Amino acid sequence: MTQALDGVRILDFTHVQSGPTCTQLLAWFGADVIKVERAGSGDATRAQLRDIPGVDSLYFTMLNHNKRSITLDTKTAKGREVLDKLITTCDVLVENFAPGALDRMGITWEHIQALNPRMIVGSVKGFGPGPYEDCKVYENVAQCAGGAASTTGFDDGPPMVTGAQIGDSGTGLHLAIGIVAALYQRNTTVRGQKVLAPMQDAVLNLCRVKLRDQQRLERTHTLHEYPQYPDGKFGEAVPRAGNASGGGQPGAILKCLGWETDANAYIYFITQGAAWPDVCRVIGEPDWIDDEAYATPQARLLHLKPIFARIEQWTMTLTKFEAMDILNKYDIPCGPILSMKEIAEEPALRETGTIVEVDHPARGKYLTVGNPIKMSDSPTVVTRSPLLGEHTDEILAQLGYGVQAISELRSAAVI
Ligand code: CAO
């Protein structure tokens, strides 16, 4: 079967996490992704957080599946020659270097345009134009500058970053969407374009509901679904909401049987309006269905703490999975807090290809997250990440270099 991006060739000049997530996704959609790496060391993540000495780290292998690797010193004249050939023959160049690094290498937009006017250039930067545009940025900086940290955590604690890599992988996804849209537009314009995904902007996009709440707060000076209501105080900015639900349906994380010893014996419980009568019956408070203090969503907002405390008395008598089974029968929205161990062992995720076991020549078998986007006509087969420079000769041969020329490049330490 064909794949959505068959025939698209990507010059993958990315490193660390944000850029590689973008090009990995494009590879899973069928693009031929050629990863250009510095000879000797390669992407810094190959050697970071290693669990097996001398072997590509999981950090690297889990972000670079389905790619080919060529080593190249792009700061030498011969290396630039090879890079120019790649620019001429590829459809998209993706990079996430520090601001200005590509220009310093001589790979300006004008240079690229002169070689290949159809080329799309996708970039991740920490910030868009503005006071911080020259800054180097990693994940947590983006979470802090994009509004996630100030709105995450508990009211009486410091700002908090989340485990989800919304700054890196989140921005990589944004960039991939921009690149695919640019490829589509190129069908009619026959021209490339620049696609920029700043990490601050991508995080803010994912924090959209918090900017919504900022404006609601400024108008009404309160946010009824936040834990600060009704007893606490609101200031000028959206406060941290703990585990309260971000929407109009109140929710909370509640203890389940075994919480004293199992850090993840919890369930997320949502008191959706439509399910309220069933919630009351399930927890053994049928009188609450008609009680004025609890009967309407508006009235319940004043009593969320005692309501969830009562529900928790019930959830604490059951494991999170037993509670799930019962609540699902009544269509009461809820979800177990799953540990990474539980997720890794979940058979359904294996069956859908979201958790995949990959075999690597140096590390053996390991688990990875496969393509989370499922397409009926573009199936994804996850293949292992390339060894450093594994495809250098193959790619150079495709660019027209003969055995002798390749050997000269190798002797001159260009590849
Ligand atoms: N041959 C020769 N030189 C190469 C090369 C190659 N194949 N590949 C990279 N280089 C050079 C670059 O040209 C650059 O040289 P100059 O500093 O002389 O211009 C140098 O290597 C280092 O690039 P860098 O500054 O991007 O790398 P860094 O490790 O210092 O910074 C990071 C890393 C991520 C902070 C920075 O790249 C960045 O801010 N990127 C944009 C934001 C981003 O993507 N952040 C997410 C990272 S994932 O957590």
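Residues numbered from 1 in each chain as written. Predicted model: local features only at pLDDT ≥ 70, side-chain atom pairs only at ≥ 80, totals over all residues. Heavy atoms only, no water.

*Asks:* Explain the pattern of salt bridges here, please?
*Replies:* A side chain of one charge can pair with a side chain of the opposite charge if their charged atoms are brought near each other. Under the defined criterion, the tally for this structure stands at 20 salt bridges. For aspartate 213, the salt bridge identified is with arginine 212, shortest N-O distance 2.8 Å. Assessed through its relative accessible area of 1%, aspartate 213 is described here as buried. Given a relative accessible area of 33%, arginine 212 falls into the partly exposed group. Each of Arg9, Asp32, Arg68 and Glu394 takes part in salt bridges that share partners, so that together they form one network. (Salt bridge = Lys/Arg side-chain N within 4 Å of Asp/Glu carboxyl O. Buried < 20%, exposed > 50% of the residue type's maximum accessible area, 1.4 Å probe, protein only.)

*Asks:* Sorry if this is basic, but what is going on with the sheet that holds strand β7 (residues 251-255) here?
*Replies:* Strand-to-strand pairing in sheets goes through backbone hydrogen bonds, with the strands running parallel or antiparallel. Within the open sheet, the three strands sit side by side as β7-β8-β9. Their pairing is antiparallel. A single partner strand is all that each edge strand has here, and the edge strands are β7 and β9 (334-336). Taken pair by pair, the neighbouring strands of this sheet meet at an average axis angle of 20°, ignoring direction. Where strand β8 (residues 266-270) lies against β9, three bridges are found, and the strand directions are antiparallel. Opposite isoleucine 267, over in β9, you have proline 336 as the bridge partner. (Pairing = 2+ DSSP bridges. Helix = DSSP H or I, 4+ residues; strand = E, 2+ residues; numbered from the N terminus. Axes fitted to C-alpha atoms, helices over the stretch in contact; angles between N-to-C directions.)

*Asks:* How should I be thinking about the site of the ligand in this particular structure?
*Replies:* Not every one of the 24 residues close to the ligand is listed here, only the nearest: Arg38, Lys75, Lys136, Val137 and Asp168. Side-chain polar atom of histidine 15 to an oxygen atom of the ligand: 3.0 Å apart, as the coordinates give it. One of the side-chain nitrogen or oxygen atoms of threonine 74 is found 3.1 Å away from a nitrogen atom of the ligand. In isolation the ligand offers 960 Å² of accessible surface; the protein chains occlude 83% of this area. When grouped by side-chain class, the residues that make up the shell around the ligand number ten nonpolar, six polar and eight charged. (Near = heavy atom within 4 Å. Polar contact = N/O pair within 3.5 Å; in protein donor to acceptor, adjacent residues only side chain to side chain. Areas by Shrake-Rupley, 256 points an atom, 1.4 Å probe, with all protein chains shown as cover. Nonpolar A, V, L, I, M, F, W, Y, C, P; charged D, E, K, R; others polar.)

*Asks:* How do you make sense of the packing of aromatic side chains when you look at a structure like this?
*Replies:* Two aromatic rings, taken as a pair, are described by how far apart their centres are and by the angle between their planes. Under the criterion given, the structure shown has four aromatic pairs. When the ring of phenylalanine 13 is compared with that of phenylalanine 97, the centres are 4.9 Å apart and the planes differ by 85°; the resulting orientation is edge-to-face. Linking phenylalanine 13 in strand β1 (residues 9-13) with phenylalanine 97 in the loop between β4 (92-95) and α4 (101-104), this pair joins segments that are 84 residues apart in sequence. Taken together, a centroid distance of 6.2 Å and an interplanar angle of 10° make the contact between tryptophan 276 and tryptophan 288 stacked. Here tryptophan 276 is found in helix α10 (residues 276-283), whereas its partner tryptophan 288 is found in the loop between α10 and α11 (297-300), with twelve residues between them in sequence. Pairwise contacts between aromatic rings join Trp276, Trp288 and Tyr294 into one cluster. Here lysine 255 stacks its cationic end above the ring of tryptophan 259, 4.1 Å away from the centre of that ring. Across the ring face of tyrosine 366, the terminal group of arginine 363 is positioned such that the distance to the ring centre comes to 6.0 Å. (Phe/Tyr/Trp six-rings, centres within 6.5 Å; stacked < 30°, edge-to-face > 60°. Lys NZ or Arg CZ within 6 Å of the ring centre and 35° of its normal.)

*Asks:* How should I be thinking about the pairing of strand β5 (residues 120-125) in this particular structure?
*Replies:* Side-chain direction in a regular strand flips from residue to residue, so the side chains alternate between the two faces of the sheet. Burial runs high along β5: six of the six residues are buried. Here β5 shows two buried faces, one formed by Ile120, Gly122 and Val124 and the other by Val121, Ser123 and Lys125. Two elements, β4 and β5, share four bridges in a ladder whose sense is parallel. Looking at the pairing, glutamate 95 lines up with serine 123 of β5.

*Asks:* Looking at this structure, I do not really get the nonpolar core. What am I missing?
*Replies:* For soluble globular proteins, the rule of thumb is that nonpolar side chains tend to be buried together. Formed by 34 residues in total, the largest nonpolar core has its most connected members in Ile10, Leu26, Val92, Leu175 and Ile179. Non-local contacts of valine 92, meaning those with residues more than four positions away in its chain, are made with Val8, Arg9, Ile10, Leu11, Met119, Ile120, Ile179 and Leu183. Grouped together as the second largest cluster of nonpolar side chains are 28 residues, Leu86, Leu102, Leu396 and Val414 included. (Core = buried A, V, L, I, M, F, W, Y, C linked by side-chain atoms within 4.5 Å. Contact = heavy atoms within 4.5 Å.)

The values are spatial; any link to function lies outside them.
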